[in-house]
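# Architecture and fold: a report
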Amino acid sequence: MAQTIIMTHPLIKHKIGIIRRKETGNRDFRALVSEIASLMCYEATKDLPLEKVAIETPIGKTEVEELSGKKLAIVPILRAGLGMVDGMLNMIPAAKVGHVGLYRDESTHEPIEYYFKIPEDISQREVFVVDPMLATGGSAVDAITMLKKRGANKIIFMCIIAAPEGVAKLRSMHPDVDIYIGALDEKLNDDKYIVPGLGDAGDRIFGTK
Ligand code: PRP
Ligand code: URA
């Protein structure tokens, strides 16, 4: 059974507190989203397999543990997921990056697909789907469905803020996917924004409003 893991690290909590503030500007918001992604990546990769490798230090022979060549991919859900990519790559620089373009229709709140490009060998990779916000869950569910259709079989979803409604939907539609959450909020409002949330993540990262 897949896990739902909510971050407890003080650094993550502190940084999420700053991005929630309405007075935090685009530049700080962007930098903090990236830093939170790095810290969450550290948590989400804690079970990656290791193998023993014989090496020589300048002093002598020894055995060390290295990642066992497991291939990784990062797939941001555009646009806001882009804000998490550099932070993830800081931790796992050899990962390949795919992109899934989805936006929520303003009246129906349903996700609309506009872009999809992923590594060809996605079925051989552990895939980290990243998006700062999990609100109704529609975007994450659709992105993961699209990835599975193309052969992805080991998927981890990471978001910074989640609503209980989105977690329940993702859990029921993709019960095999581990979910890493920075903070679990109270609810959605009538416009399907997360309460208290942080507003529109894409607009705050890119300064479009
Ligand atoms: C936001 C966010 C998620 C989605 C979450 O993107 O980045 O992708 O909403 O909502 P959901 O769980 O109800 O689907 P948005 O559609 O605003 O597009 P943007 O990133 O291009 O701003
Ligand atoms: N998308 C956002 O960017 N923020 C929300 O609160 C919900 C969806």
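This text goes with the structure placed above it.
One structure accompanies this document, and this report is about it. Every residue gets a number counted from 1 within its own chain, in the order that chain's sequence is written. Just so you know, chain letters begin at A and ligand numbers begin at 1, following the order they were written in. It should be noted that, the model being predicted, local features are given only for residues of pLDDT at least 70 and side-chain atom pairs only at 80 or more, the latter also being counted only at that level, while totals for whole chains, interfaces and linings use all residues. Excluding hydrogens and water, the side-chain values take into account all heavy atoms of the structure.

### Regarding the overall build of the protein chain
We apply this condition: Helix and strand assignments follow DSSP, with helices taken as H or I runs no shorter than four residues and strands as E runs no shorter than two, numbered in order from the N terminus. The globule rule used for comparison is 2.2 Å times the number of residues to the exponent 0.38, while the radius of gyration itself is calculated over C-alpha atoms. Under the scheme applied here, a residue whose accessible area is under 20% of the maximum for its type counts as buried, over 50% as exposed, and between as partly exposed, the area being computed with a 1.4 Å probe on protein chains only. By definition, residues are in contact when any of their heavy atoms lie within 4.5 Å. Residues scored as positive are Lys and Arg, those scored as negative are Asp and Glu, and His as well as the terminal groups of each chain are ignored. All charge positions are set by atom: Lys at NZ, Arg at CZ, Asp at CG, Glu at CD.
On a plain count of helices and strands, the protein chain comes out with six helices and 13 strands. Taking 2.2 N^0.38 as the reference for a compact globule, 209 residues should give roughly 17 Å; the C-alpha atoms of the protein chain span a radius of gyration of 18 Å, in line with that estimate. Along the first, second and third principal axes, the C-alpha set of the protein chain runs to 65 × 40 × 30 Å. Within the protein chain, the fraction of its 209 residues that count as buried is 47%. Residue pairs at least 24 apart in sequence account for 63% of intrachain contacts in the protein chain once pairs closer than 6 positions are excluded. Distance from the positive charge centre (27 side chains) to the negative charge centre (29 side chains) of the protein chain: 1 Å.

### Description of the pairing of strand β8 (residues 125-130)
Threshold: In this scheme, strands are said to pair when DSSP sees at least two bridges between them.
For β8, a buried count of six out of six residues is recorded, marking the element as mostly surrounded by other parts of the structure. The alternating pattern of β8 places Arg125, Val127 and Val129 and Glu126, Phe128 and Val130 on opposite faces, both of which are buried. Pairing geometry for strand β4 (residues 71-78) and β8, over six bridges, is parallel. Residue pairing for β8: Ile74 is matched across the bridge by Phe128. Bridging between β8 and strand β10 (residues 154-162) involves five bridges; their strand directions are parallel. Across the sheet, the residue bridging to Val130 is Met158, located in β10.

### Describing the site of ligand 2
To be explicit about the condition: When we say a residue is near a molecule or strand, we mean one of its heavy atoms is within 4 Å of it. In the analysis that follows, any N or O atom pair within 3.5 Å is treated as a polar contact, provided that within protein one partner can donate a hydrogen and the other can accept it, and provided that, for residues neighboring in sequence, both atoms belong to side chains. Areas reported here follow the Shrake-Rupley algorithm with a probe of radius 1.4 Å; residue values treat only the protein chains shown as occluding. Under the scheme applied here, ten amino acids are nonpolar (Ala, Val, Leu, Ile, Met, Phe, Trp, Tyr, Cys and Pro), four are charged (Asp, Glu, Lys and Arg), and all others, including Gly, are polar.
Close to ligand 2 lie Arg104, Met133, Ala135, Lys192, Tyr193, Ile194, Gly199, Asp200 and Ala201, which account for all nearby residues. Between ligand 2 and the protein, one listed contact pairs an oxygen atom with a backbone N or O atom of Ile194 at 2.8 Å. Isolated, ligand 2 exposes 240 Å² of accessible area, and the fraction of that covered by the protein chains is 89%. Here the shell around ligand 2 is composed, by residue class, of five nonpolar, one polar and three charged.

### Here we look at helix α4 (residues 138-149)
Selection criterion: Every helix has an expected span of 1.5 Å times one less than the residues it contains.
Compared with an ideal rise of 1.5 Å per residue, which puts 12 residues at 16 Å, α4 spans 17 Å between its outermost C-alpha atoms and is within 8% of the ideal. The set of residues buried in α4 consists of Gly138, Ser139, Ala140, Val141, Ala143, Ile144, Met146 and Leu147. Trailing α4 by a residue or two, Gly151 shows a phi angle of about 110 degrees, which is positive.

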